[in-house]
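Okay, here's what each chain looks like letter by letter:
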Amino acid sequence: MTEQVMTGLYEGISKESVLINEPLKYHTYTKMGGIADLFIIPTSYEETAFVVRYAHEQGIPLTLLGNGSNLVVRDGGIRGIVLSFEKLTDISVEGHELVAQSGAAIIEASRVAYAHQLSGLEFACGIPGTIGGALIMNAGAYGGEVKDCLHSATVLTRQGELLNISHDELELGYRTSCFSKKEYIILEGRFALTEGDPALIKEVMDDLTHKRETKQPLEYPSCGSVFKRPEGYFAGKLIQDSNLQGTRIGGAEVSKKHAGFIVNVENASASDYIALIRHVQETVQEKFGILLETEVKIIGEEA
């Protein structure tokens, strides 16, 4: 970035909030990823809006990052600005509604709901992503989805305009929403919950947590479920029946514990990870005639 661009940027955000040439492997669940030219961590909606408007006005590429739980960043990194929401993590309760900022962990939102004896977010107690990521992907697990309880969202357009989007406008489907289609930048989500029996809420959350801990390879870095569920099938079962569990490329491995996961077992590069994804897709398609679509998002430049 030129000195003039940096000077203009510092007019709206502190230098302490801007990291230059930041390795993204420190900010992703897979512990992989190249360097971001600028990694910016705003501490308020006002700072976020300033960065978004400035990037638009200066023609600087802008990439959003939650906690990188459903993301693979290529080894060449990301040019322009990577906007991180790791300091926008407030969660509050207003009556039967829970309001959570984009960078808050959705697991923590489920815990806050339980603490206020509110039901509806139990399914999220094992999802590792942030509120922003969960809304973009309409995240779900064990029969529940974000769309079941999301009331509305506050967003910025790429031009920095503040909007409130109602549930009916969100276009929430299986791992999809209007947020990515319209390139909205999520600031917060508002969830409509119901009063519940705290003992029953805890029972459900404990059961789902146990299932996650016993079935998923949490001991290794990963991006969670790599593939979408094909209609009429389960991705993990197709991968398992293709005898791919334990297959390795470099430091990336198809999990022996859950075939739907690819784990970083030994300092894998993003190139290793992506090559293994492609190998799994090709093998399953050759054996079953089914092309597995990736649920994980792959971004950035080749090294």
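On a predicted model such as this, the values are computed, not experimentally measured, just so you know.

Asker: Summarise the overall build of the chain; cite the residues concerned and give the values.
Answerer: When its secondary structure is counted, the chain shows 8 helices and 19 strands. For 303 residues, the compact-globule estimate of 2.2 N^0.38 gives 19 Å, and the chain sits close to it at 20 Å. Dimensions of the chain, computed from C-alpha atoms along their principal axes, come out at roughly 55 × 50 × 30 Å. Split into buried and exposed, the 303 residues of the chain put 50% on the buried side. A total of about 14,100 Å² of accessible surface is found on the chain, and carbon and sulfur atoms cover 47% of it. Side-chain charges of the chain comprise 27 positive and 41 negative groups, with the mean position of each set lying 6 Å from the other.

Asker: Quick rundown of unusual backbone geometry? Include the residues and the values.
Answerer: Backbone phi values are negative for most residues with the exception of glycine, while trans is the configuration of most peptide bonds. With a phi close to 55°, R175 is a non-glycine residue in the positive phi region. Positionally, R175 belongs in the loop between β12 (162–166) and α5 (178–181). Look at N267: it is not a glycine, yet its phi comes out positive at around 50°. Taking relative accessible area as the criterion, N267 reaches 76% and is therefore assigned exposed.

Asker: I'd like a rundown of the sheet that holds strand β5 (residues 78–84), residues and numbers included.
Answerer: In spatial order, the strands read β1-β2-β5-β3; together these 4 strands make up an open sheet with mixed pairing. Each edge of the sheet is formed by a strand with only one pairing partner; in this case those strands are β1 (18–23) and β3 (62–65). Strand-to-strand twist in this sheet, taken as the mean axis angle between neighbours without regard to direction, amounts to 35°. Sheet topology places β3 next to β5; 4 bridges connect them, and they run parallel. Paired with L62 across the bridge in β5 is I81. Contacting β2 (35–40), β3 and β5, helix α2 (residues 45–58) runs over the sheet at an angle of about 160° to β5.

Asker: So what's going on with the nonpolar core? Which residues, and what values?
Answerer: If you look at the biggest cluster of nonpolar residues, it comprises 31 residues, and the most contacted ones within it are L98, L121, L135, V146, F179 and F191. Secondary structure elements with two or more residues in this core: β7 (97–101), α3 (106–115), α4 (131–137), β11 (150–156), α5 and β13 (185–192). Ignoring sequence-local partners within four residues, the contact set of F191 consists of H96, E97, L98, L121, I131, L135, V146, C149, L150 and H151. Residues A235, L244, A268 and Y273 belong to the second largest nonpolar core, which totals 25 residues.

The rules behind these values
- Position labels on residues start from 1 in each chain and follow its written sequence.
- Side-chain atom pairs in this predicted model are given and counted only at pLDDT of 80 or more, local residue features only at pLDDT of at least 70, and totals for whole chains, interfaces and linings cover all residues.
- By convention in this description, side-chain values take in all heavy atoms of the structure and omit both hydrogens and water.
- Put simply, DSSP H or I for four residues or longer makes a helix, DSSP E for two residues or longer makes a strand, and each gets a number counted from the N terminus.
- Values of the radius of gyration come from C-alpha atoms, whereas the globule rule sets the reference at 2.2 Å times the count of residues to the power 0.38.
- The buried label applies to any residue whose accessible area, calculated with a 1.4 Å probe on protein chains only, is under 20% of its type's maximum; exposed applies above 50%, and partly exposed to all values in between.
- Values of accessible area rely on a 1.4 Å probe in the Shrake-Rupley scheme; residue burial ignores everything except the protein chains shown.
- Charged-residue counts in this description rest on Lys and Arg as positive and Asp and Glu as negative, His and the chain ends being excluded.
- One atom stands in for each charge, and that atom is NZ of Lys, CZ of Arg, CG of Asp or CD of Glu.
- When DSSP locates at least two bridges between a pair of strands, those strands are taken to pair.
- Here an angle of 0 to 180 degrees is reported between the N-to-C directions of two axes, which are lines fitted to C-alpha atoms, with helices fitted over the stretch in contact.
- Throughout, a contact is declared for two residues whenever any of their heavy atoms are within 4.5 Å.
- We define a nonpolar core as any set of buried Ala, Val, Leu, Ile, Met, Phe, Trp, Tyr and Cys residues linked to one another through side-chain atoms lying within 4.5 Å.

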